[in-house]
Amino acid sequence: MSRRLEGRTIIVTGAGSGIGACFAAGFAAEGASVGVLDRDLEPAQQVASDIAEAGGSCIAVPADVTDQLAVRDAFSTVRDSFGRLDAVFNNAGITFNSPFLETSAEDFRRLHEVNVLGVVIGMQEAARIFMQDGRSGKIVNTCSVASRRANANFAAYAASKFAVHALVQSGARSLAEHRITVNGFAPGIVDTALWDAQASTRAARSALFDKYGETIPIGRTAVPADLLPTGIYLAGNDSDYMTGQVVMIDGGIEMV
Ligand SMILES: NC(=O)c1ccc[n+]([C@@H]2O[C@H](COP(=O)([O-])OP(=O)(O)OC[C@H]3O[C@@H](n4cnc5c(N)ncnc54)[C@H](O)[C@@H]3O)[C@@H](O)[C@H]2O)c1
């Protein structure tokens, strides 16, 4: 295996599960030291111990991405443990079904606090460390196909992911002078725990994914590993002259 991220330190938020867990393991396999950040310590520790068992370098750091001081502490712990910080993936996110007319203010606030404020905090705290250290840095936000098209049943989620797309652009413009790039990637339908609430049984989940798959030009839904090569590209030197972009990795659902 090539070691495309050798010597780098990368933090992934929401890395206790799904896309974040896959990215954390994949980055470590490419030689990066990884900060596995999650609100839930136990899954983060499990991901970190799997990475360590495979010979990777990593540390689990618990933090809720909506808590600025906790995120600051967690990012500093990772930087201090490995001596540097090169990239932060603001990936933690939640969703729930929220038909437009039935979305309560409370649900809307809860979702936006994690998906939008959590990303703002991650971007600010990453930039703070890059600037303190006088280093260039990379910020990568997890957007969504819902950043491009809002589905009737996911009103609050789509609004939050449009906002994350906006943060990629305003962050890129604000931080370029500090040699910090900001990009994003937009998954389509990926088989992770995020979908657990949408199907109560294994069979129902499988039927749901089959149904979605039929509507996707590439002919199937995704697994986190489908996204990893783009994540490695966005974390490494090959994407240095790129900022303010959101890469669609959705099997062709949205063509822009
Ligand atoms: N799965 C999909 O189909 C899909 C599609 C497009 C975008 N996304 C986005 O990908 C990202 C990762 O989702 P996933 O599918 O891997 O889901 P997942 O549920 O498997 O993982 C999300 C992780 O984020 C953590 N998390 C949630 N709230 C947090 C908080 N406040 N602080 C810290 N950690 C928190 C959870 O504990 C969990 O480990 C999310 O931003 C999601 O919106 C997912």
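Each value, and the rule that gives it
- Residues numbered from 1 in each chain as written.
- Predicted model: local features only at pLDDT ≥ 70, side-chain atom pairs only at ≥ 80, totals over all residues.
- Heavy atoms only, no water.
- Near = heavy atom within 4 Å.
- Polar contact = N/O pair within 3.5 Å; in protein donor to acceptor, adjacent residues only side chain to side chain.
- Areas by Shrake-Rupley, 256 points an atom, 1.4 Å probe, with all protein chains shown as cover.
- Helix = DSSP H or I, 4+ residues; strand = E, 2+ residues; numbered from the N terminus.
- Nonpolar A, V, L, I, M, F, W, Y, C, P; charged D, E, K, R; others polar.
- Disulfide = S-S within 2.5 Å.
- Buried < 20%, exposed > 50% of the residue type's maximum accessible area, 1.4 Å probe, protein only.
- Core = buried A, V, L, I, M, F, W, Y, C linked by side-chain atoms within 4.5 Å.
- Contact = heavy atoms within 4.5 Å.

**What about the site of the ligand?**
The environment of the ligand is made up of 29 residues, and the closest members are Ser17, Asp38, Tyr157, Thr192 and Trp195. Taking Ile19, its main chain carries an N or O atom lying 2.8 Å from an oxygen atom of the ligand. Between an oxygen atom of the ligand and a side-chain N or O atom of Asp40, the distance comes to 3.5 Å. When isolated, the ligand has an accessible area of 830 Å², and the protein chains bury 96% of it. Elements with a minimum of two residues in the shell around the ligand: helix H1 (18–29) and helix H5 (155–175). Looking at the shell around the ligand, its residues break down into 14 nonpolar, 10 polar and 5 charged.

**Observations concerning the state of the cysteines**
Considering all chains together, one arrives at 0 disulfides under this definition. Unpaired in this structure, Cys22 has its nearest cysteine sulfur neighbour in Cys58, at a distance of 15 Å. Classification of Cys22 by relative accessible area gives buried; the value is 18%. Given the relative accessible area of 19%, Cys58 is considered buried.

**Here we look at the nonpolar core**
If you look at the biggest cluster of nonpolar residues, it comprises 42 residues, and the most contacted ones within it are Ile11, Leu37, Phe75, Ile139 and Val182. If you list the elements that add at least two residues to this core, you get helix H3 (68–82), helix H4 (105–133), H5, strand S6 (180–187) and strand S7 (246–249). In terms of residue count, the dominant contributor to this core is H4 (10 residues). Ignoring any residue separated from it by four or fewer positions in sequence, one finds Ile139 in contact with Val88, Asn90, Met123, Ala126, Ala127, Phe130, Leu175, Ile180, Thr181, Val182 and Asn183.

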